[in-house]
Amino acid sequence: MIVLGSRKLSARQELFTAASVALPVTAHAHCPVVVVREWEHTVVAEPYLVVGVDGSPASQAAVDFAFEEAELRGAQVRALSVWQRPLLGVLDEEKALGECRETLYEAVAGRRESHPDVALHHEVMTGHPVEVLVRESQHALALVTGTRGLGGFAGMLLGSVSQGALHHAQCPVVTVPARDDRPSPPPH
C-alpha cells in the first residue's frame with residue numbers, strides 16, 4: 001500500500017502543476033493507494049468504510065479491500081452502487097435499478113462468511129456517482145474505489161469516479177487496482 005498526503009488542489013491544479021503527485025501515483029500504482037487530505041476529518045461513533053460497487057474487476061478488488069480493512073479496524077462496510085439516469089433515451093428505470101441491485105448483491109456475496117465480524121449495509125442509490133459517494137462517505141474512515149470502472153475507456157488509467165473522489169472527498173480515499181493490474185509477487 002502507498003499512503004500519500006495531499007493538499008486540496010483544484011482539478012486544473014491537479015492536472016497542470018508539478019505539485020500534484022496523487023493522480024499519477026494512483027493511476028500507475030499496482031497496489032492500493034491511500035490519499036489523505038490535510039483537513040481535519042470527523043468520524044461518527046460507529047466507524048464505517050464506504051465502497052463504490054459497479055461490478056468491474058477493480059470494484060471487486062475494492063470490495064475485498066474494504067472488508068479486510070473494516071475487519072482490522074472493527075468497522076462496518078457500506079457498499080453502494082449508484083445508478084445515474086441517462087441524459088438521452090427512454091429507459092426502464094425499475095429494470096436498471098434491479099440490475100444494479102443484482103450487481104451489488106453479487107459483489108458482496110460471500111464476504112460475510114469470510115469476514116463474519118464485519119457488519120454490511122448495502123444500497124443502490126440514484127444520482128451522479130461522484131456526488132453520491134462523496135456525500136455518503138463524509139464521516140467514513142475512508143472511501144474505497146476501484147481504479148477503473150465499467151464506464152471508462154480502456155486506455156484510461158484512472159476512472160472518472162476515482163478522480164472525482166480524489167478531488168472532492170472529505171475523508172481519506174483508497175483506490176484499489178483490479179487484481180489483473182497487479183504484478184505477481186516475487187518467488188520466495
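The structure displayed is predicted, hence computed values, not measured ones.

Draft legend 1. Broad picture of the environment of glutamate 46. Tracing the chain through its elements places glutamate 46 in the loop between β2 (33-37) and β3 (48-52). Note on glutamate 46: relative accessible area 54%, which makes it exposed. Residues glutamate 46 and histidine 139, spaced 93 residues apart in sequence, show a C-alpha to C-alpha distance of 9.9 Å. A polar contact of 2.6 Å, which involves the side chain of glutamate 46, links it to the side chain of glutamine 76.

Draft legend 2. Representation of the pattern of salt bridges in the model. Under the definition given, this model contains 5 salt bridges. Across the pair arginine 73 and glutamate 69 runs a salt bridge whose closest N-O atoms are separated by 2.7 Å. Taken together, the positions of arginine 73 and glutamate 69, both in helix α3 (residues 57-73) and 4 residues apart, correspond to about one turn of that helix. The residue glutamate 136 makes a salt bridge to arginine 135 at a minimum N-O spacing of 3.1 Å. According to the relative accessible area criterion, glutamate 136 is buried, its value standing at 17%. Beyond isolated ion pairs, a larger network of salt bridges with shared partners links Arg78, Arg135 and Glu136.

Draft legend 3. Broad picture of helix α4 (residues 93-108). Taking 1.5 Å as the rise per residue, α4 with 16 residues should run 22 Å; its terminal C-alpha atoms sit 23 Å apart, in good agreement. Those residues of α4 that sit buried are Ala96, Leu97, Cys100, Leu104, Ala107 and Val108. Seen from one end, α4 has its buried residues packed into an arc of 100 degrees, which puts them on one side. The exposed residues of α4 that point more than 90 degrees off its buried face are Glu94, Lys95 and Glu106. For α4, the elements touching its buried residues are α3, β4 (76-83), α5 (111-114) and β5 (120-126). Where α4 begins, the side chain of aspartate 92 points an oxygen toward the backbone nitrogen of glutamate 94, at a separation of 3.3 Å. Of the residues flanking the end of α4, it is glycine 110, one or two places downstream, whose phi is positive at about 85 degrees.

Draft legend 4. Expanded view of the confidence of the model for the chain. The share of residues in the chain with pLDDT of 70 or more is 77%, and the mean pLDDT across the chain is 82. Ignoring residues within four places in sequence, the model shows residues 152-156, a span with pLDDT below 50, making 2 contacts including any to other chains.

Draft legend 5. Representation of the nonpolar core within the structure. Of all hydrophobic cores here, the largest spans 28 residues; its most connected members are Val51, Val77 and Val144. For this core, the secondary structure elements donating two or more residues are β3, α3, β4, α4, β5, β6 (142-146) and β7 (173-176). Among the elements that make up this core, the one with the highest residue count is α3 (7 residues). Look past the residues within four positions of valine 144 in its chain and what remains in contact with it is Leu49, Val50, Val51, Gly52, Ala62, Phe65, Ala66, Val174 and Val176. Leu4, Tyr48, Val132 and Ala169 belong to the second largest nonpolar core, which has 22 residues in total.

Draft legend 6. Geometry of a nonpolar patch on the surface. The grouping of Met1, Val3 and Val36 at the surface amounts to a nonpolar patch, some 280 Å² of accessible area in total. For valine 36, the position within the fold is in strand β2. Taking the relative accessible area as the measure of exposure, valine 36 reaches 34% and is therefore partly exposed.

Draft legend 7. Quick look at the side chain of serine 56. Here serine 56 shows up in the loop between β3 and α3. Serine 56 sits in the buried class, given a relative accessible area of 2%. Only 2.7 Å separates the side chain of serine 56 from the side chain of aspartate 54, close enough to count as a polar contact.

Scoring rules and cut-offs
- Residues numbered from 1 in each chain as written.
- Predicted model: local features only at pLDDT ≥ 70, side-chain atom pairs only at ≥ 80, totals over all residues.
- Heavy atoms only, no water.
- Helix = DSSP H or I, 4+ residues; strand = E, 2+ residues; numbered from the N terminus.
- Buried < 20%, exposed > 50% of the residue type's maximum accessible area, 1.4 Å probe, protein only.
- Polar contact = N/O pair within 3.5 Å; in protein donor to acceptor, adjacent residues only side chain to side chain.
- Salt bridge = Lys/Arg side-chain N within 4 Å of Asp/Glu carboxyl O.
- Expected span 1.5 Å × (residues − 1).
- Arc of directions from axis to C-beta.
- Contact = heavy atoms within 4.5 Å.
- pLDDT = per-residue confidence, 0-100.
- Core = buried A, V, L, I, M, F, W, Y, C linked by side-chain atoms within 4.5 Å.
- Patch = residues over 30% accessible without salt bridge, like charges linked within 9 Å, V, L, I, M, F, W, Y side chains within 5 Å.
- Areas by Shrake-Rupley, 256 points an atom, 1.4 Å probe, with all protein chains shown as cover.

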